[in-house]
Amino acid sequence: MKKVLSLVLVLALAISLVACGGAKNDNVLTMATNAEFPPYEFMEGGKIVGIDAEIGAAIAEKLGKELVIENVDFDSLIPGVQTNKYDFVMAGMTVTDERKEQVNFSQTYATGVQVIIVKEDSKITSVDDLFAEGANNKIGVQLATTGDLYCTWDIEDEGLGSVERFNKGADAVMALNSGKVDCVVIDNEPAKVFVANNPGLKILDTEYITEDYAIAISKDAPELLAEIDKALGELIADGTVKNIIEKYIPAE
Ligand code: ARG
């Protein structure tokens, strides 16, 4: 009798182990981000915080799920969602036609602007200076971001300059500080944070391009897209999203 009982226990344990390690846990939503993008996502006291982390948590709560946030390189976000490694991506991610071929996007929840950071005494004074014939600037960007894509197409491919790609936006800013690049093209909100932390740098007041941020979800998961989009729509309508954004980006 004892033997049978322990056999049953061992079997039960084995089954539960397989269940945990194997199939996805239905109660957990996995959000992937790249926490190098303040104030949308950044590390604070060993935790991922910011606008996207809070909106993601509010969405998970509405769907009655536990949120797990994974911090990965920006260029592995889309591949990870495509292979269903993560349920969704929130990373200040811009909706583009190219990305729309790879993933589905929710409605947009915020706007971003690609801006140019330079040293205070830079010869670059406007966006047009980057496109000028014979300009030949070294432009720092975060790898695989829209800043990278646009500068590669508009400037590098046209022979008007070169693009230096960094894993983190902050590293591109460090390269600007040490004179390894002539400017950095990056989203306006992280730009403000980086410039505030680095005396001697400024943001040009001409804009490169305006973009929309949205949540990326696998093309294999249309039901999840509908659920997330509905929850996000409700959080926009009741002012939750606006409050979260204003908590991190106080209105000027
Ligand atoms: N908006 C830009 C893009 O979609 C940059 C986003 C970078 N986000 C991040 N968490 N590092 O490409």
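Everything here concerns the structure above.
Here goes a summary of the coordinates provided. (Residues numbered from 1 in each chain as written. Predicted model: local features only at pLDDT ≥ 70, side-chain atom pairs only at ≥ 80, totals over all residues. Heavy atoms only, no water.)

## What about the overall build of the chain?
Put simply, the test is: Strands are runs of DSSP state E lasting at least 2 residues, helices are runs of H or I lasting at least 4, and numbering of each runs from the N terminus. Three labels apply to residues, based on accessible area from a 1.4 Å probe with only protein chains included: buried if under 20% of the type maximum, exposed if over 50%, partly exposed otherwise in between. Note on contacts: a residue pair is in contact if any heavy atoms of the two residues lie within 4.5 Å. A 1.4 Å probe and the Shrake-Rupley method give the accessible areas. Residues count as covered only by the protein chains that appear here. Positive charges are assigned to Lys and Arg, negative charges to Asp and Glu, while His and the chain termini are left out of the count. Where a charge lies is defined by one atom per residue type: Lys uses NZ, Arg uses CZ, Asp uses CG and Glu uses CD.
Looking only at helices and strands, the chain features 10 helices and 12 strands. Dimensions along the principal axes, computed over C-alpha positions, put the chain at roughly 85 × 40 × 35 Å. Looking at the chain as a whole, 46% of its 252 residues are labelled buried. The long-range fraction of contacts in the chain, counting pairs at least 24 apart against all pairs at least 6 apart in sequence, stands at 74%. Just so you have it, the chain exposes about 12,900 Å², and 54% of that area is on carbon and sulfur atoms. Charged side chains of the chain number 21 positive and 42 negative; the gap between the two group centres comes to 8 Å.

## Description of unusual backbone geometry
Note the cis peptide between Pro 38 and Pro 39, where omega equals 0°. Tracing the chain through its elements places Pro 39 in the loop between strand 2 (36-37) and strand 3 (41-44). At Asn 136, a position not held by glycine, the phi torsion is positive, near 55°.

## Re the packing of helix 2 (residues 51-62) against helix 9 (residues 222-237)
What counts is decided by this rule: Every axis in this analysis is a line fitted to C-alpha atoms, fitted for helices over the stretch in contact. Angles between the N-to-C directions lie between 0 and 180 degrees. In what follows, roughly perpendicular refers to angles from 65 to 115 degrees, roughly parallel to angles under 35, roughly antiparallel to angles over 145, and oblique to any angle outside these ranges. Should the near helix be turned anticlockwise from the far one by less than a right angle, the crossing is termed left-handed; should it be turned clockwise, right-handed. Side-chain classes are defined by residue name, with Ala, Val, Leu, Ile, Met, Phe, Trp, Tyr, Cys and Pro counting as nonpolar, Asp, Glu, Lys and Arg as charged, and the others, Gly among them, as polar.
Interaxial distance between helix 2 and helix 9 falls to 9 Å at its minimum, and their mutual angle equals 115°. As summarised for this structure, helix 2 and helix 9 are arranged roughly perpendicular, according to the angle between their axes. Along this stretch, helix 2 crosses helix 9, giving a crossing that reads as right-handed. Contact with helix 2, carried on its side by Ile 55, Ala 58, Ile 59 and Lys 62, involves Ile 228, Ala 231, Leu 232, Glu 234 and Leu 235 of helix 9 and no other residues of that element. Its residues placed into classes, the contact of helix 2 with helix 9 shows seven nonpolar, no polar and two charged.

## Describing the pattern of salt bridges
Quick reminder of the rule: When a carboxyl oxygen of Asp or Glu is within 4 Å of a side-chain nitrogen of Lys or Arg, the pair counts as a salt bridge.
Enumeration over the complete set of coordinates arrives at eight salt bridges. Where Glu 189 meets Lys 192, a salt bridge forms, and the shortest distance between an N and an O atom there is 3.0 Å. Placement of the pair is Glu 189 and Lys 192 together in helix 8 (residues 188-197), with a separation of three residues, close to one helical turn. Using a relative accessible area of 12% as the deciding quantity, one classes Glu 189 as buried. Among the ionic contacts, a cluster of salt bridges with common partners joins Lys 62, Lys 230 and Glu 234.

## Considerations on the sheet that holds strand 3
This is how the line gets drawn: When DSSP finds at least two bridges between two strands, those strands are taken to pair.
Read from one edge to the other, the open sheet built from three strands follows the order 2-3-4, with strand pairing classed as antiparallel. Two strands in the sheet have a free side with no partner beyond their single neighbour: strand 2 and strand 4 (47-49). Taken together, the three bridges between strand 3 and strand 4 define a ladder with antiparallel strand orientation. Among the inter-strand pairings, Phe 42 is bridged to a residue of strand 4, identified as Val 49.

## A look at the side chain of Ser 218
Here is the rule: Pairs of N or O atoms are called polar contacts if they sit within 3.5 Å, as long as, within protein, a hydrogen donor faces a hydrogen acceptor (for residues adjacent in sequence, only side-chain-to-side-chain pairs).
Position of Ser 218 among the secondary structure elements: in the loop between strand 12 (209-217) and helix 9. In this structure the side chain of Ser 218 is engaged in a polar contact, spanning 3.0 Å, whose partner is the side chain of Asn 84. Among the polar contacts listed, one links the side chain of Ser 218 to the backbone nitrogen of Asp 220, at a separation of 2.8 Å. Beyond its immediate chain neighbours, meaning those up to four positions away, Ser 218 contacts Val 81, Gln 82, Asn 84, Asp 87 and Asn 104.

## Focus: the environment of Lys 65
Along the chain, the position of Lys 65 falls in the loop between helix 2 and strand 5 (66-71). For the pair Lys 65 and Ile 55, spaced 10 residues apart in the sequence, the C-alpha separation amounts to 14 Å. When near neighbours in sequence (up to four residues on either side) are disregarded, Lys 65 contacts Asp 26, Asn 27, Val 28, Leu 29 and Ala 60.

## Observations concerning the packing of aromatic side chains
What counts is decided by this rule: In this analysis, rings of Phe, Tyr and Trp, with Trp reduced to its six-membered ring, are considered paired at centre separations within 6.5 Å, and the interplanar angle assigns stacked below 30 degrees, edge-to-face beyond 60, and tilted for intermediate values.
Scanning the entire structure with this criterion turns up six aromatic pairs. Between Tyr 40 and Tyr 213, the aromatic rings sit 5.1 Å apart at their centres with planes inclined by 85°, giving edge-to-face as the arrangement. Within this pair, whereas Tyr 40 is found in the loop between strand 2 and strand 3, its partner Tyr 213 is found in strand 12, the two being separated by 173 residues in sequence. Since its relative accessible area comes to 0%, Tyr 213 is described here as buried. Ring plane angle 55° and centroid distance 6.1 Å describe the contact between Tyr 150 and Trp 153, whose orientation is recorded as tilted. One end of the pair is Tyr 150 and the other is Trp 153, both in helix 6 (residues 146-156) and three residues apart, which spans about a single turn. On the accessibility criterion, Tyr 150 (15% relative accessible area) is buried. Of the residues examined, Trp 153 reaches a relative accessible area of 36% and is grouped as partly exposed.

From the geometry alone we can't say anything about function, so treat these as descriptive.
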